[in-house]
Amino acid sequence: MTKKKLIAGNWKMNGSLAANDALVRALVAGMKDAACTVAVCVPAPYLAQVQALCAGSALELGAQDVSPHEQGAYTGEVSAAMLKEFGVRYAIVGHSERRQYHGETDEQLGRKVAAAIKHGLVPILCVGETADDLEKHGPSAVPVAQLRAALAGAGLVDKKGTPDIVVAYEPVWAIGSGQAATAEQAEQVAAKLRETLAELLGADVADATRILYGGSVKSGNIASFMREPNVDGALVGGASLDVTEFASIARFQKHVGT
Ligand code: 13P
């Protein structure tokens, strides 16, 4: 089966009203014939602004986190229902920066995945090993264990139905380092992740699930990743803040007015 590739930009804690306006307008202008699905995952305060800028275009909106809770006394958190009200389609869950700086555990991340799905959001579940993990356990052991734990925590294992989830393989050592994994490394781990999805959720779900690569993706290396059979797109950090780079990554640069 063919599924449309997904290029998602993760702005992280970057942006301003003025910068977002310029970036999103340029992206929207170039979206008409984008070869793949394109999304931007923006800081929560800018959701309304970017929702308005994306209106009527194919550019999709994402958030960078989602609360596992429905509502209530959880200061600082943003619920899946709130995100839904702003036209959000994707929610990044378990980015390594949140695991590292906010101590997020696989168990919590499972509940975030479940909350997102319950409210009709598509979680982009991030998994990936550190340089230390890579040395000690090889490339796929930690990402596969993280995927297993999150799916179990979300209560998805052996359940009927086909949850729409995206898995992003982001080796921690490749994030923001300028040193991307090779396409072969990304493919090797993506294939193991798909095998794990097949084992836990069934072959159909595994086939339909998009597995992204993230970590120092640029216009110069995107093609190599996109050629791999198990890599269905990319989660792009720094390069998603540069309209020429991001447009080029999503292969619609010729439509962006310069
Ligand atoms: P960079 O593309 O800046 O390496 O970041 C990747 C990332 O963390 C996307 O979520």
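Coordinates for the structure precede this section.
What you see is a predicted model, and the numbers here were worked out from it, not measured in a lab.

(A) The overall build of the chain, seen in detail. In terms of helices and strands, the chain carries 11 helices and 8 strands. Within the chain, the proportion of its 258 residues that are buried is 51%. Considering only contacts within the chain whose residues lie at least 6 apart along the sequence, 74% involve residues at least 24 apart. Entry remark: accessible area of the chain is about 11,500 Å², with carbon and sulfur atoms responsible for 52%. Across the chain, the 24 positively charged side chains and the 28 negatively charged ones have centroids separated by 5 Å.

(B) Spotlight on the pairing of strand β4 (residues 90–93). Judged by which residues are buried, β4 turns out to be covered on both faces: Y90 and I92 on one side and A91 and V93 on the other are all buried. Bridge count between strand β3 (residues 60–63) and β4: 2 bridges; the pairing is parallel. From the neighbouring strand, A63 faces β4, where its bridge partner is A91. Read from β3 through helix α3 (residues 80–85) to β4, the crossover connection turns out right-handed. Pairing analysis gives 4 bridges linking β4 to strand β5 (residues 122–127), with the strands arranged parallel. In the strand pairing of β5, I92 is matched with I124.

(C) Spatial organisation of the pairing of strand β1 (residues 6–10). Burial within β1 is extensive, with 5 of its 5 residues counted as buried. Covered by surrounding structure in β1 are L6, A8 and N10 together with I7 and G9, the residues of both alternating faces. Alignment of β1 against strand β2 (residues 37–41), held across 5 bridges, turns out to be parallel. The residue of β2 that forms the bridge with L6 is T37.

(D) Structural detail: the site of the ligand. Around the ligand, the neighbouring residues are N10, K12, H95, E170, A174, I175, G176, G215, S216, L235, G237 and G238. A distance of 2.9 Å is found between an oxygen atom of the ligand and a backbone nitrogen or oxygen belonging to G237. Here an oxygen atom of the ligand sits 2.8 Å away from a polar atom, N or O, in the main chain of G238. With the chains in place, 96% of the 300 Å² that the ligand exposes on its own is no longer accessible.

(E) Fine view of the packing of helix α5 (residues 106–118) against helix α7 (residues 141–153). It is at 7 Å that the axes of α5 and α7 come closest, and there the two elements cross at 55 degrees. With respect to α7, the axis of α5 lies oblique. Two packed elements cross with a definite hand, and for α5 against α7 that hand is right-handed. For the pair α5 and α7, the contacting residues are D106, G110 and R111 in the first and Q146, A149, A150 and G153 in the second. Grouping the amino acids of the contact of α5 with α7 by side-chain chemistry returns 2 nonpolar, 3 polar and 2 charged.

(F) Geometry of helix α8 (residues 183–201). Over its 19 residues, α8 runs 26 Å from end to end, which matches the ideal 27 Å to within 8%, given 1.5 Å per residue. Buried within α8 we find A183, A186, E187, V189, A190, L193, R194, T196, L197, L200 and L201. On its buried side, α8 packs onto β5, α7, β6 (166–169), α9 (203–208), β7 (210–214) and α10 (222–226). Where α8 terminates, the next one or two residues include G202, which has phi positive at roughly 100 degrees.

(G) Quick look at the sheet that holds strand β8 (residues 233–236). With parallel pairing, the 8 strands of this closed barrel are ordered in space as β1-β2-β3-β4-β5-β6-β7-β8. Mean inter-strand twist for the sheet, computed between neighbouring axes without regard to direction, equals 25 degrees. Alignment of β7 against β8, held across 2 bridges, turns out to be parallel. The residue of β8 that forms the bridge with G214 is L235. Strands in contact with α7 are β5 and β6; relative to β5, the strand with the most contacts, it is inclined by about 145 degrees.

About the criteria used
- Residues numbered from 1 in each chain as written.
- Predicted model: local features only at pLDDT ≥ 70, side-chain atom pairs only at ≥ 80, totals over all residues.
- Heavy atoms only, no water.
- Helix = DSSP H or I, 4+ residues; strand = E, 2+ residues; numbered from the N terminus.
- Buried < 20%, exposed > 50% of the residue type's maximum accessible area, 1.4 Å probe, protein only.
- Contact = heavy atoms within 4.5 Å.
- Areas by Shrake-Rupley, 256 points an atom, 1.4 Å probe, with all protein chains shown as cover.
- Lys, Arg positive; Asp, Glu negative; His and termini not counted.
- Charge placed at Lys NZ, Arg CZ, Asp CG, Glu CD.
- Pairing = 2+ DSSP bridges.
- Right-handed = clockwise from strand over helix to strand, strands pointing away.
- Near = heavy atom within 4 Å.
- Polar contact = N/O pair within 3.5 Å; in protein donor to acceptor, adjacent residues only side chain to side chain.
- Axes fitted to C-alpha atoms, helices over the stretch in contact; angles between N-to-C directions.
- Parallel < 35°, antiparallel > 145°, perpendicular 65-115°, else oblique.
- Left-handed = near helix turned anticlockwise from the far one by under 90°.
- Nonpolar A, V, L, I, M, F, W, Y, C, P; charged D, E, K, R; others polar.
- Expected span 1.5 Å × (residues − 1).

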